[in-house]
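Structure assessment
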Amino acid sequence: MSGASATVPAVIAAGTPLPLGAAAADLPFARTSGWLQDYALALRVTEQGSVVSVGDGIAWISGLPSAAVDEVLYFGDGSRGIVFDLERDLVGAVLLHQTQALTASTTAYRGHRQVSVPAGDALLGRVVDPLGAPLDAQPPPQPADPQPLDAPSPPMIRRRFVSEPLFTGIKIIDGLIPVGRGQRQLIVGDKGLGRSALAIDAVLAQADSGVRCVYVMIGQKRSSVVGTIDLLRDHGALDYTTVVVGEASALPGLKHLAPFAGCAIAEYWMARGIDTLVVYDDLSAHAQAYRELSLLLRRPPGREAYPGDIFFLHAKLLERATRLAEDAGGGSQTAIAIVETRLGEIASYIPTNLISISDGQIYLDRDLFSAGFLPAIDIARSVSRIGGKAQPAAIKREAGRTKLDYLQFLELEVFTRFGARLEAGMEQRLKRGAVLRELLRQDRLDPLPIRVQLALLIAYNAGLLDELTKAQVPAAEKRLRQAVAASPLTMSDTREAWLAAIAGWLEVEPAAEPGGRSGGESGADFGAASSAESDGGERPAEAADEPAA
């Protein structure tokens, strides 16, 4: 370098780029002086690789001996990728952005960082891809901080027990299969049974709860993506929701990163004391995308051709859903993961993996769907292992008895198919069960407030609906819904107060409850129910008293 005239341009090139037509004299003197003082001649070593082959969203690169797994790579044509596989002489990269100019011999450079996604309140109401790029024709969001996609799950000492409910507005779930804030719950069923409809209803139910939602769509057609976004927008749910999309036509790498991006966005709010809900729709498509990438990278296949670490991948994702301790932020992340079965086979590889990881599952049955029972939730095969600890005492007491009655009704109904003669008591129980089944039906996109659900449960358990036919149940439910909306009664009011009000709304006289259990059994408040009635098939309390792992 011959002199100062050669040094100044080198310093400027190493700093902030100059505007077009600007010169060093146009910059503030202090800024220019700082550049000159900090400039030092030194040897800078960089690694440069070369693309050997590219195709199907995968690039093989020679060189880059110091590259690490999950490190971002930049290509000379503007493409981007992440290191996914390391071999003796080659680096296997998954492409996240690919241009038409990416070919063999294209230069590749290390990014010296892991992939991250922007997070913050600016993402509310936005539709983004797993890298945070906008997909809604709006300017890029201005995030507070980038969040790493692959972050460790919180340790046990930073977690606390699941003790607050997350209401979904669905009668069967909130009453019989409750979900708590910080829980990991699956929705399992064949395609076309309403799995996504349940998740969307759960998002709509968070309108006034303060819960922020992240809806992750993986491998779905663009028409399905647009339909879901329109539903959320039409019902005002986009105001508190961020949508992350890795659509079917996207690169496999983006579909692979989509659930981790949604989790990272929710973790940003969780660390700041905000309760969040993340919907993964669905993890079966995510597993297929990961299998595709692994096979293209020549990894050895395992059961159903999935790589051996697919269990670890989903466990790492769902373990990040928890309820943080107060000194760790105090927020929570509830995960609702959708998984697909084929012909109702719940014992296939991916569903069994996710069932063993999560805290419960909601199973959708095709026979119920074909019979017109919606939502088609099989209560006998659905379970929530820790949600009962977060369920309000009033709902817990009433729902425990309701679930037992419904399961007994299903058993009795089997015998009627053989034409057996039944006693009068059995006939009455079958009639009550038919009324209960009609009561558990619910239309889509119509989440029910929890106070209305409590009124319906009390009305059924108190026998106030026994004289109704199945055709009269919807009208009675509508009347109760209107009356509860105008009533000052709260969840903490006594059962007697609720019972007297419900009897007046339905214009019936309260009588002794079926099964010899009267309303006086409940006492002046909704105390803790016995384990046989209240848990309704959940695991014992001593096993449920654990932090959300």
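Read on for an overview of the structure.

1. Observations regarding the nonpolar core
Among the nonpolar cores identified, the biggest contains 72 residues, and Val 203 and Ile 502 are the most heavily contacted of them. With nine residues, helix α13 (residues 450-461) is the largest single contributor of residues to this core. If you look at the next biggest cluster of nonpolar residues, it comprises 57 residues, including Val 72, Val 115, Leu 283 and Ala 315.

2. A closer look at the sheet that holds strand β14 (residues 332-341)
Neighbouring strands of a sheet are bound in pairs by backbone hydrogen bonds; such pairs are parallel or else antiparallel. The sheet built from eight strands is open, its strands ordered β8-β12-β11-β13-β14-β10-β15-β16 with mixed pairing. The strands lining the two open edges of the sheet, one partner per strand, are β8 (127-128) and β16 (383-384). When strand β10 (residues 184-190) meets β14, the two strands line up parallel, connected through seven bridges. Across the sheet, the residue bridging to Arg 184 is Ala 335, located in β14. Seen against the sheet, helix α4 (residues 195-204) touches β10, β11 (212-218), β12 (241-246), β13 (275-281), β14 and β15 (360-363) and runs at an angle of roughly 165° to β14.

3. Structural notes on the sheet that holds strand β1 (residues 48-55)
Pairing is antiparallel in the closed barrel, where six strands are placed in the order β1-β2-β5-β4-β3-β6. Adjacent strand axes in the sheet meet at a mean angle of 45° when their direction is disregarded. Sheet analysis places β1 next to strand β6 (residues 107-114), joined by three bridges and oriented antiparallel. Note that in β6 the partner of Gly 49 across the bridge is Ala 108. Sheet contacts for helix α7 (residues 283-296): β2 (58-62), β4 (80-86) and β5 (90-97); angle to β2, the most-contacted strand, approximately 35°.

4. Regarding the pairing of strand β3 (residues 71-75)
Consecutive side chains along a regular strand alternate between the two faces of the sheet. Extensive coverage of β3 is indicated by the burial of four of its five residues. Where β3 meets β4, three bridges bridge the pair, whose relative direction is antiparallel. By the bridge assignment for β4, Tyr 74 is matched with Arg 80. Between β3 and the antiparallel strand that follows it, β4, lie four residues; Gly 78 among them carries a positive phi value of about 105°.

5. Overview of the packing of aromatic side chains
For any pair of aromatic rings, geometry is given as the distance between the ring centres together with the angle between the planes. Within this structure, the stated rule accounts for three aromatic pairs. For the ring pair Phe 84 and Tyr 290, a centre distance of 5.9 Å and an interplane angle of 70° mean the geometry is edge-to-face. Residue Phe 84 is located in strand β4, and its partner Tyr 290 is located in helix α7; the two are separated by 206 residues in the primary sequence. Overall, Phe 84 belongs to the buried group, its relative accessible area being 6%. The exposure class assigned to Tyr 290 is buried, which follows from its relative accessible area of 3%. Here the guanidinium or amino end of Arg 298 rests over the ring plane of Trp 60, the centre of that ring lying 4.4 Å away. Across from the ring centre of Tyr 460, 4.2 Å away, lies the NZ or CZ of Arg 432, which sits over that ring.

6. Remarks on helix α9 (residues 349-357)
The buried fraction of α9 is high, at seven of nine residues. Those residues of α9 that sit buried are Tyr 349, Ile 350, Pro 351, Asn 353, Leu 354, Ile 355 and Ile 357. If you follow the buried residues of α9, they end up packed against β10, α7, α8 (310-318), β14 and β15.

About the cut-offs
Residues numbered from 1 in each chain as written. Predicted model: local features only at pLDDT ≥ 70, side-chain atom pairs only at ≥ 80, totals over all residues. Heavy atoms only, no water. Core = buried A, V, L, I, M, F, W, Y, C linked by side-chain atoms within 4.5 Å. Buried < 20%, exposed > 50% of the residue type's maximum accessible area, 1.4 Å probe, protein only. Helix = DSSP H or I, 4+ residues; strand = E, 2+ residues; numbered from the N terminus. Pairing = 2+ DSSP bridges. Contact = heavy atoms within 4.5 Å. Axes fitted to C-alpha atoms, helices over the stretch in contact; angles between N-to-C directions. Phe/Tyr/Trp six-rings, centres within 6.5 Å; stacked < 30°, edge-to-face > 60°. Lys NZ or Arg CZ within 6 Å of the ring centre and 35° of its normal.

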